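So you can see what is in the structure, the chains are spelled out below.
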Amino acid sequence: GSIPKLKPAMMADAVGTTVGALLGTSTTTTYAESTAGIAEGGRSGLTAAVVSGLFIVALFFAPFFLLVPGIATAGVLVIVGFDAVKKIRFDDMTEAFPAFVTIIMMPLTYSIAEGIVLGLLTYVLLKLFAGKYRELNLTMYILSILCILKYVFV
């Protein structure tokens, strides 16, 4: 129910996301790295410090990493995603189908962000059409409208 020291953790994640965005990284990368560190037992902040140091080192090697085509890393991403798939509620189609759309659209669009956006839109639309609109909060409605506007005007 209650997470100790949540505010400093969220602030660290927000700062990491902002700095990462300024350096050209996807904001979902910061979240994924943070979650992976916590899942492996990193609680003191040393994990985050080591990862941030390694990211700084990786900046200098980025031109070499770009030599590896994106398709070469797709298999690894699928393997990493298996753990998340186990947590999907397959008994509720308004939960399972948006997860499927998210999973399938990431490799098809070559974009994690596009996959998340399309999954979010599918999730909201299915909840609305299934009459489960009470399960959605105001943030979901606002994000959906903004995502639709992104596709309309871009």
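Preceding this section is the structure that the text describes.
What you are looking at is a predicted structure, and each value in this text was computed from that prediction instead of being measured.

So, how was this worked out
Residue numbers here run from 1 along each chain, matching the order of that chain's written sequence. pLDDT decides what is reported in this predicted model: residues at 70 or higher carry local features, side-chain atom pairs at 80 or more are listed and counted, and totals for whole chains, interfaces and linings draw on all residues regardless. Hydrogens and water are ignored here; the side-chain numbers use all heavy atoms of the structure. Numbering of helices and strands runs from the N terminus, with a helix taken as a DSSP run of H or I at least four residues long and a strand as a DSSP run of E at least two residues long. The method behind every accessible area is Shrake-Rupley, applied with a 1.4 Å probe, and residues are considered shielded solely by the protein chains displayed. A residue counts as positive if it is Lys or Arg and as negative if it is Asp or Glu; His and the chain ends are not included. Throughout, a charge is located at the NZ atom of Lys, the CZ atom of Arg, the CG atom of Asp or the CD atom of Glu. Multiplying 1.5 Å by the helix residue count minus one yields the expected span of that helix. Throughout, exposure labels follow a simple rule: accessible area from a 1.4 Å probe, protein chains only, divided by the maximum for the residue type, with under 20% read as buried, over 50% as exposed, and the rest as partly exposed. Two residues qualify as a contact provided that any one of their heavy atoms is within 4.5 Å of a heavy atom in the partner residue. The definition of a polar contact used here is a pair of N or O atoms within 3.5 Å, where within protein one atom must be able to donate a hydrogen and the other to accept one, and adjacent residues in sequence count solely through side-chain atom pairs. The rule is short: rings of Phe, Tyr and Trp, with Trp giving its six-membered ring, pair when the centres are within 6.5 Å, and they are stacked under 30 degrees, edge-to-face over 60, tilted in between. We call a charge positioned over a ring when the NZ of a Lys or the CZ of an Arg lies within 6 Å of the ring centre and within 35 degrees of the ring normal. Every case where a carboxyl oxygen of Asp or Glu lies within 4 Å of a side-chain nitrogen of Lys or Arg is listed as a salt bridge. By nonpolar core is meant a set of buried Ala, Val, Leu, Ile, Met, Phe, Trp, Tyr and Cys residues that side-chain atoms within 4.5 Å join together.

### A short note on the overall build of the protein chain
Then comes step 1: Looking only at helices and strands, the protein chain has 7 helices and 0 strands in total.
Then comes step 2: Counting helices and strands in the order they occur from the N terminus, the protein chain gives α-α-α-α-α-α-α.
Then comes step 3: Of the roughly 11,700 Å² of accessible surface on the protein chain, a fraction of 75% belongs to carbon and sulfur atoms.
Then comes step 4: In the protein chain, 10 side chains carry a positive charge and 9 a negative one; their mean positions are 6 Å apart.

### Some details on helix α1 (residues 6-22)
Then comes step 1: In this model, α1 (17 residues) spans 24 Å end to end at C-alpha, consistent with the 24 Å of a helix rising 1.5 Å per residue.
Then comes step 2: Just beyond α1, the residue with positive phi is Gly 24, at close to 95°.

### Brief notes about helix α6 (residues 112-129)
Then comes step 1: The end-to-end C-alpha separation of α6 is 26 Å, in line with the 26 Å expected for 18 residues at 1.5 Å each.
Then comes step 2: Among all positions in α6, only Gly 115, Val 117, Gly 119, Leu 120, Leu 121, Thr 122, Tyr 123, Val 124 and Lys 127 are buried.
Then comes step 3: Buried residues in α6 make contact with α5 (93-109) and α7 (138-153).
Then comes step 4: Regarding α6, its N-cap is Ser 111, as a side-chain oxygen of that residue lies 3.4 Å from the backbone nitrogen of Ala 113 further along.

### Quick word on the packing of aromatic side chains
Then comes step 1: Applying the stated criterion across every chain, the model contains 1 aromatic pair.
Then comes step 2: A cation sits over an aromatic face here: Lys 150 above Tyr 151, 4.2 Å from the ring centre.

### Brief notes about the pattern of salt bridges
Then comes step 1: This structure, assessed with the given rule, holds 7 salt bridges.
Then comes step 2: Between Asp 92 and Lys 127 there is a salt bridge, with the nearest N and O atoms lying 3.8 Å from each other. With Asp 92 in the loop between α4 (70-85) and α5 and Lys 127 in helix α6, the pair connects residues that are 35 residues apart, well separated along the chain.
Then comes step 3: Between Asp 92 and Lys 132 there is a salt bridge whose closest N-O contact spans 3.1 Å. Here Asp 92, found in the loop between α4 and α5, pairs with Lys 132, found in the loop between α6 and α7; they are 40 residues apart in sequence, far enough to count as distant.
Then comes step 4: Three or more residues are tied together by salt bridges with common partners; here these are Arg 89, Asp 91, Asp 92, Glu 95, Lys 127, Lys 132 and Glu 135.

### Description of the environment of Val 50
Then comes step 1: Mapped onto the elements, Val 50 comes out in helix α3 (residues 46-65).
Then comes step 2: Separated by 47 residues in sequence, Val 50 and Phe 97 have C-alpha atoms that sit 37 Å apart.

### Digging into the side chain of Lys 127
Then comes step 1: Note on Lys 127: relative accessible area 0%, which makes it buried.
Then comes step 2: Within the structure, the side chain of Lys 127 is placed 2.9 Å from the side chain of Glu 95, a separation counted as a polar contact.
Then comes step 3: Contacts of Lys 127, omitting those with residues within four sequence positions, involve Asp 92, Thr 94, Glu 95, Lys 132, Tyr 133, Glu 135 and Leu 136.

### Describing the nonpolar core
Then comes step 1: Counting 8 residues, the largest nonpolar core consists of Val 117, Leu 120, Leu 121, Tyr 123, Val 124, Leu 136, Met 140 and Cys 147.
Then comes step 2: For this core, the secondary structure elements donating two or more residues are α6 and α7.
Then comes step 3: Per-element accounting of this core gives the leading share, 5 residues, to α6.
Then comes step 4: Beyond its immediate chain neighbours, meaning those up to four positions away, Leu 121 contacts Ser 144, Cys 147, Ile 148 and Tyr 151.

### Thoughts on the environment of Lys 132
Then comes step 1: Lys 132 sits in the partly exposed class, given a relative accessible area of 29%.
Then comes step 2: Sequence-wise, Lys 132 and Thr 94 are 38 residues apart; in three dimensions their C-alpha atoms are separated by 8.9 Å.
Then comes step 3: Lys 132 has contacts with Asp 92, Thr 94 and Lys 127, leaving out every residue within four places of it along the chain.

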